[in-house]
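In case you want the letters, here they are:
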Amino acid sequence: MNPEDERLERLERLLQALPVENEPMTVSELDGFVTGVLACPEMIPLSAWLSRVWGVTGDAEFSDLKAAEKTIGAVMAHYNDVAAQITATLRVEPIYEVDVNSDETLWEPWVDGFTRAMALRPDAWNALLDRADDETRSAMIFIMALQDIYTGDSKFTEEEVDQIDLEAPDLIPNCVATILHQSRPELSRPVPANLPDQPFKAGPKPGRNDACPCGSGRKYKQCCARN
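Here goes a summary of the coordinates provided. Bear in mind that the values here come from a model prediction, so they are computed numbers and not experimental data. (Residues numbered from 1 in each chain as written. Predicted model: local features only at pLDDT ≥ 70, side-chain atom pairs only at ≥ 80, totals over all residues. Heavy atoms only, no water.)

Attention shifts here to the nonpolar core. The biggest cluster of nonpolar side chains holds 57 residues, and the ones touching the most others in it are Trp49, Val53, Trp54, Val75, Trp125, Leu146 and Ile172. Listing elements by their share of this core, those giving two or more residues are α1 (3-16), α2 (27-39), α3 (46-54), α4 (65-89), α5 (108-118), α6 (122-131), α7 (134-151) and α8 (158-183). Sorting elements by how many residues they give to this core places α4 first, with 9 residues. Excluding residues that lie within four positions of it along the chain, valine 53 makes contacts with Leu15, Pro24, Met25, Leu30, Phe33 and Val75. (Core = buried A, V, L, I, M, F, W, Y, C linked by side-chain atoms within 4.5 Å. Buried < 20%, exposed > 50% of the residue type's maximum accessible area, 1.4 Å probe, protein only. Helix = DSSP H or I, 4+ residues; strand = E, 2+ residues; numbered from the N terminus. Contact = heavy atoms within 4.5 Å.)

The next thing to look at is the environment of valine 20. Looking at the secondary structure, you find valine 20 in the loop between α1 and α2. On the accessibility criterion, valine 20 (68% relative accessible area) is exposed.

Another point: a negative patch on the surface. A surface patch of negative charge is lined by Asp5, Glu6, Glu9 and Glu12. Of note, glutamate 6 is situated in helix α1. With a relative accessible area of 44%, glutamate 6 lands in the partly exposed category. (Patch = residues over 30% accessible without salt bridge, like charges linked within 9 Å, V, L, I, M, F, W, Y side chains within 5 Å. Areas by Shrake-Rupley, 256 points an atom, 1.4 Å probe, with all protein chains shown as cover. Salt bridge = Lys/Arg side-chain N within 4 Å of Asp/Glu carboxyl O. Lys, Arg positive; Asp, Glu negative; His and termini not counted. Charge placed at Lys NZ, Arg CZ, Asp CG, Glu CD.)

Turning to the packing of aromatic side chains, a few remarks are in order. If you walk through the whole model with that rule in mind, you get 5 aromatic pairs. Between tryptophan 49 and tyrosine 79, the aromatic rings sit 5.1 Å apart at their centres with planes inclined by 20 degrees, giving stacked as the arrangement. A residue pair is termed long-range when its members are at least 10 positions apart, and tryptophan 49 in helix α3 and tyrosine 79 in helix α4 qualify at 30 residues. An identical accessibility class is assigned to tryptophan 49 and tyrosine 79; each is buried. Ring geometry for tryptophan 110 and phenylalanine 114: centres 5.5 Å apart, planes at 15 degrees, overall stacked. Of this pair, tryptophan 110 and phenylalanine 114 both sit in helix α5, 4 residues apart, which is roughly one turn of the helix. (Phe/Tyr/Trp six-rings, centres within 6.5 Å; stacked < 30°, edge-to-face > 60°.)

Keep in mind these values describe shape, not function.
This is the structure:
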């Protein structure tokens, strides 16, 4: 097993260790979610999105400090990995789930994660949709149409849905790339060839009196900063 597969398996185990009744994100949902966070035209701070990973209540209910550090660290490592992909190429390689019985590629969890991130800043996305060129507008509408298929709200016929289902895994990366060119135009500016690649830097460490990024609702010094 290569290091990337090992990293994703570890991330999956840590997410699965969260209370199942809280419906924490899967790896595929998280991958779509952080892609949506990073693709947003407006910067979304860590405090506004991290707790959504833990589930519907936003409380991870970590068993101890070590579990909190491992889980938050794994989530942030994946966030940084996706950010590095976007910064380097303005493209992503979505992590899709696979049906173990049919071997079918399941794009739905990824799209659900991406659209959940869009819901964090609806005004920013609506403003982008209003000013977007035709290609970008079509890409955004397609992503939202996929979510409608997932939730059962689509107006497409069954035959059309079957065709979209087959094509979606290959179309999603192209849609995201198209969106990124307009939502994050600063990343498409050419970089001088003699400059070394710059690693993506995570956000600043929270202050001791700031809200803890794990989503517990307690101050950082009273939660994950405690040893």
